[in-house]
Amino acid sequence: LSTARAGCLRASLLPGAMDVIALRRMADQGDAEAQCDLGGYYYCGQDVPQDYAKAATLFRRAADKGHFDAHFSLGCCCCNGTGVPQDDREAAR
């Protein structure tokens with residue numbers, strides 16, 4: 001799956017806009033799952049304005065905590081240069 005398909009699929013499985021507020025609160029408190037999910041929302045522009053850079057930042061925060069899906073999504077962002085500079089070395093990390 002591409003980052004777009006994986007991130008949007010993940011976001012589409014989550015409940016609606018009211019939960020963006022709760023996700024943002026949990027993400028701000030350091031919850032890796034919430035960071036990854038919220039990154040998917042921003043990547044797809046679901047219930048929030050589309051913002052690839054913000055998505056990549058959230059994926060990185062979750063990935064730094066060992067979240068597998070966030071590692072994958074961040075790797076795809078780095079590989080494609082979506083929201084971050086294109087960097088094959090970082091993508092492979």
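Let us now look at the side chain of H67. One can find H67 in the loop between α4 (52-64) and α5 (68-80). Exposure remark for H67: the relative accessible area of 11% places this residue in the buried category. One polar contact links the side chain of H67 to the main-chain amide nitrogen of A70, over a distance of 3.2 Å.

For the rest of this paragraph, the subject is the packing of helix α3 (residues 32-44) against α4. Packing of α3 against α4 brings their axes to within 8 Å, and their N-to-C directions diverge by 160 degrees. The orientation of α3 with respect to α4, classified from their angle, is roughly antiparallel. With respect to the hand of their crossing, α3 and α4 are arranged in left-handed fashion. Facing α3, whose interface residues are A32, Q35, C36, L38, G39, G40, Y42 and Y43, α4 presents Y52, K54, A55, L58, F59, R61 and A62. Of the residues that constitute the contact of α3 with α4, the class distribution is 10 nonpolar, three polar and two charged.

Caution applies to low-pLDDT parts of the model: their predicted coordinates are not meant to be read in detail. Averaged over the protein, the pLDDT score is 81; the fraction of residues at 70 or greater is 74%. Summarising per-element confidence for the protein, the mean pLDDT is lowest in helix α1 (residues 3-12) (53) and highest in α4 (94).

Topologically, Q35 is positioned in helix α3. Once you skip the residues sitting within four places of it in the chain, Q35 turns out to touch A27, G30, L58, R61, A62 and K65.

About the thresholds
- Residues numbered from 1 in each chain as written.
- Predicted model: local features only at pLDDT ≥ 70, side-chain atom pairs only at ≥ 80, totals over all residues.
- Heavy atoms only, no water.
- Helix = DSSP H or I, 4+ residues; strand = E, 2+ residues; numbered from the N terminus.
- Buried < 20%, exposed > 50% of the residue type's maximum accessible area, 1.4 Å probe, protein only.
- Polar contact = N/O pair within 3.5 Å; in protein donor to acceptor, adjacent residues only side chain to side chain.
- Axes fitted to C-alpha atoms, helices over the stretch in contact; angles between N-to-C directions.
- Parallel < 35°, antiparallel > 145°, perpendicular 65-115°, else oblique.
- Left-handed = near helix turned anticlockwise from the far one by under 90°.
- Contact = heavy atoms within 4.5 Å.
- Nonpolar A, V, L, I, M, F, W, Y, C, P; charged D, E, K, R; others polar.
- pLDDT = per-residue confidence, 0-100.

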